[in-house]
Amino acid sequence: MLPELDKFEVKNYWQRAHLDSFLELGWPSSKNEEWKFTSLDRLIKKPFEIALNPEGDIKYKLAPDIKDSYKLIFRNGIFDSHTSKNAAHNFTINNVLEDASAFTTINKSFLKNHPIFNLTLGAMRSAIVIDVDNASSDIPPIIELYFTGGLIEQSSHPFVMIRLGKNAKVNILETHCSVNSLSAPIVFVELSDGSVCDHVKCQVAELNSDQLGLTLISQGTGSDYRNFTLSSGGNISRSELHLNLNGEDASCHLSAIYLGNKDQHIDITTRLHHNVANCKSEQVIRGVLDDRARGIFQGKIRVAPEAQKTDGQQMTRALLLSRETEADTKPELEIFADDVICSHGATIGEIDEHQLFYLASRGIPEMEARSMLIEAFLIDTLSEIRVPEFEKQVEYYIQEWVSQSTNLSTLTV
Amino acid sequence: MSILDIKKLTASVDGKEILHGIDLKINPGEVHAIMGPNGSGKSTLSYVLSGRMGYEITGGDVLLNGESIMELEADERARSGLFLAFQYPVELPGVSGMSFLRASVNSRLRERGEEEVDQLSFVKIVRAESKKLGISDDMLKRAVNVGFSGGEKKRYEILQMALLKPSMAILDETDSGLDVDALKIVSEGVNLLRHPDRSMLVITHYQRLLSHIIPDKVHILSEGRIIKSGDKSLALEVEENGYAGINDAA
Ligand SMILES: Nc1ncnc2c1ncn2[C@@H]1O[C@H](COP(=O)(O)OP(=O)(O)OP(=O)(O)O)[C@@H](O)[C@H]1O
Ligand SMILES: [Mg+2]
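Residues numbered from 1 in each chain as written. Chains lettered and ligands numbered in written order. Predicted model: local features only at pLDDT ≥ 70, side-chain atom pairs only at ≥ 80, totals over all residues. Heavy atoms only, no water.

All names here are of chain A. Evaluation of the coordinates by the stated rule reveals 41 salt bridges over all chains. A salt bridge links Glu34 to Arg271; its shortest N-O distance comes to 3.1 Å. In this pair, Glu34 is assigned in the loop between helix H1 (13-25) and helix H2 (41-44) and Arg271 in strand S18 (residues 265-274), connecting sequence segments 237 residues apart. Salt-bridge contacts for Asp267 lead to Arg238; the nearest nitrogen and oxygen are separated by 2.9 Å. Placement of the pair is Asp267 in strand S18 and Arg238 in strand S16 (residues 236-245), with a sequence separation of 29 residues. Note on accessibility: Asp267 and Arg238 belong to one class, buried. A network of salt bridges, in which partner residues are shared, links Glu33, Glu34, Lys36, Arg271, Lys300, Arg302, Lys330, Glu332 and Glu334. (Salt bridge = Lys/Arg side-chain N within 4 Å of Asp/Glu carboxyl O. Helix = DSSP H or I, 4+ residues; strand = E, 2+ residues; numbered from the N terminus. Buried < 20%, exposed > 50% of the residue type's maximum accessible area, 1.4 Å probe, protein only.)

This is the structure in structure tokens:
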């Protein structure tokens, strides 16, 4: 059953402590190595306060509905029990603060000095934990998280934890579509031994909104986690993912597509910790940038001394559609074990003139040809998504972006 | 009225003049061949005609079906009925063959105000045409030209020509890279597309192709100029004496 989230008390000593840490350290400056490429100056200058009421409708241009999913809707960061449907699913939902084990896990987290982590834990109005124990079921259920919010000059800070029991399976779709000045949700997925999770995040917020969501993952023995992030919305956005491989033979696959135009700043940051031996990680990132947009990929792989036989791969490619864009890639390998295979690679390119001419010579108009080539550039990464329903969602947003982007270019020619 | 009428065409690439004044008229239904040594400007002519960026027309005019195409972009020229079978077809990783073929055909139908072809009937048409050219279903499923052998790429060009039904087709060394059997299949494919309303300009180094696709006229291009024109026997002459002999004759 749903807990009485309306009566959820925010002001407790624990949240106070997180807010105090945030206040003590302040917003990250560009001197902070972790935030070197992403300045929050534009955000800090905006006046806003923490939202207290669940307001704001879901953006009208969302991808078509997914059937039979369990939808949880957060408006202004506040869990809206009226609009969420727990169809035929048997998830257990609790308040994080009343769940000793969830509480302990969060307290043990290694992100003590992370500004957004502290801010959101301190400011959160809704913090829920969902337990999935369905080892016997064949088809993984779908949980959808909508982060919406209709008010600018407000910020939203929801916290969602999803715990997969032993051998449990779940597919998670996050849709970030708020117009809040700042949306900074934390989604924490804990995978017990043998559990499997496909997790897709679509950050398609309005362009006046800043998006600083955190994704935290911890993986047990033999678990299989697959994340795909699409980031095309927001003014300043940073999709930051911290993943801990804590059990042997676990594997994770992270892929992301970022699409930017106008003056957007899109940051994809991953921190991957191989803490034990025999784990495998793979990361594939593709970006397309137009106008004056800037795209960042920072990927750190840390291999602990005991994490022998680690296999960590990272590949990023960016396609630049205008001369004024900038793509930065910062791979970081911190390897403390000796028997490991780790590699990374990065390329940056433009649309190929030969390919454009080939398409033109067949009568295909330039804008259509460009769209075809942009979509072709993304298709491999898109097909990393294993859940067909999720792939359709992402495809919808990509097509939306590409058609908008190429139409805009025709106007400026 | 000729389908293609090239008048005193001069063109340069990267500021360097490559074509020094070409005159060529092709009447409806005619097949003309262009032969010429490496670097004489054959591919350049085909790119200039099809409107490739960087291939600048510096003088003269080109009429397609009586209208100048000088001001038209490459895609507009294609939609007005011009087709180029590339000497080196371009690979398009990630672009599915079927959707590429359909986008090409639909762009032409849209231009003519005709209804676009639906996916199912289109697949049927493509399968039928592919069969004639010995193109396998597997090839159709792959991304455009990706992983195709040299000969497969050439067949795929002719498949596109068959689907697009151009009024003027330029075939740039479609025979290079083809084995004996493939040459026969492709030539037969091309011959099937010969039509009173369709003209072709076949660029080749070898008389062998011209014994399959019999041309109405043969032109010799050398250093950016047509130095000699004649009937199909001119190709045989080249085969026997090389271009040096032609130069002497001219
Ligand atoms: N981008 C360029 N800049 C300068 N010169 C060029 C450029 N492209 C082509 N050329 C020159 O133009 C001339 C004609 O080249 P083209 O490719 O048209 O020859 P071709 O007759 O098709 O030769 P082949 O039989 O080898 O295919 C060559 O001398 C070539 O070096
Ligand atoms: Mg050539």
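This part covers the pairing of strand S8 (residues 159-164) of chain A. Remark: a regular strand shows side chains that alternate across the two faces of the sheet. Residue and element names in this part refer to chain A. Within S8, six of the six residues are buried, which leaves it mostly tucked inside the rest of the structure. What you see with S8 is no split at all: Phe159, Met161 and Arg163 on one side and Val160, Ile162 and Leu164 on the other are buried throughout. In the sheet, strand S5 (residues 127-132) pairs with S8 via six bridges, with the strands oriented parallel. Its bridge partner being in S8, Val132 is matched across the sheet by Leu164. (Pairing = 2+ DSSP bridges.)

This paragraph deals with the interface of chain A and chain B. Taken together, the contact pairs 18 residues of chain A with 33 residues of chain B. Of the roughly 1900 Å² buried between chain A and chain B on both sides combined, carbon and sulfur atoms contribute 66%. On the chain A side of the interface with chain B, the three residues burying the most area are Phe357, Tyr358 and Arg362 of chain A, jointly 43% of the side's total. Joining chain A to chain B, the criterion identifies two salt bridges. A salt bridge links Arg110 of chain B to Glu368 of chain A; its shortest N-O distance comes to 3.1 Å. Linking chain A with chain B are twelve residue pairs in polar contact (both at pLDDT 80 or more), by the criterion used here. Per element, the largest residue contribution to the side of chain A that touches chain B is seven residues, and it comes from helix H5 (residues 353-360) of chain A. (Contact = heavy atoms within 4.5 Å. Buried area = accessible area lost by both parts, 1.4 Å probe. Polar contact = N/O pair within 3.5 Å; in protein donor to acceptor, adjacent residues only side chain to side chain.)

Once that is clear, we can look at the coordination of the magnesium ion (ligand 2). When a metal carries six donors in an octahedron, the ideal angles between them are 90 or 180 degrees, while four donors in a tetrahedron ideally lie at 109.5 degrees. Residue and element names in this part refer to chain B. Taken together, Ser43 (OG) and Gln87 (OE1) make up the protein donors of the magnesium ion (ligand 2), found 2.0 to 2.3 Å from the metal. Of this pair, Ser43 sits in helix H1 (residues 42-50) while Gln87 sits in the loop between strand S6 (82-85) and strand S7 (92-96), and the two are 44 residues apart along the sequence. On the accessibility criterion, Gln87 (13% relative accessible area) is buried. (Donors = N, O, S within 2.8 Å, 3.2 Å for Na, K, Ca; no water.)

Residue and element names in this part refer to chain A. Here helix H6 (residues 366-382) contains 17 residues, and its C-alpha end-to-end distance of 24 Å stays within 8% of the 24 Å for a straight helix at 1.5 Å per residue. Of all the bends found along H6, the most pronounced is centred on Ala376 and spans about 25°. With twelve of its 17 residues buried, H6 lies for the most part within the structure. Every buried residue of H6 is accounted for by Met367, Ala369, Arg370, Ser371, Met372, Leu373, Ile374, Ala376, Phe377, Leu378, Thr381 and Leu382. (Expected span 1.5 Å × (residues − 1). Bend = angle between axes of the 7 residues up to and from the residue.)

Chain-level statistics for chain A give a pLDDT mean of 89 and a share of 93% at 70 or above. Throughout residues 1-8 of chain A the model reports pLDDT below 50, and contacts reaching past four residues in sequence, or to other chains, amount to 16 contacts. (pLDDT = per-residue confidence, 0-100.)

Turning our attention to the packing of aromatic side chains. All chains considered together, the criterion is met by 13 aromatic pairs over all chains. The interplanar angle of 90° and the centroid separation of 5.2 Å between the aromatic rings of Phe22 of chain A and Trp27 of chain A together place this pair among those described as edge-to-face. Grouped by ring-pair contacts, the aromatic residues Phe357 and Tyr358 of chain A together with Tyr47, Tyr55, Phe86 and Phe100 of chain B constitute a single cluster. Sitting over the ring of Phe377 of chain A, Arg286 of chain A keeps its end group 5.8 Å from the ring centre. Of note, Arg52 of chain B hangs over the ring of Tyr47 of chain B, and the distance from its end group to the ring centre comes to 4.5 Å. (Phe/Tyr/Trp six-rings, centres within 6.5 Å; stacked < 30°, edge-to-face > 60°. Lys NZ or Arg CZ within 6 Å of the ring centre and 35° of its normal.)

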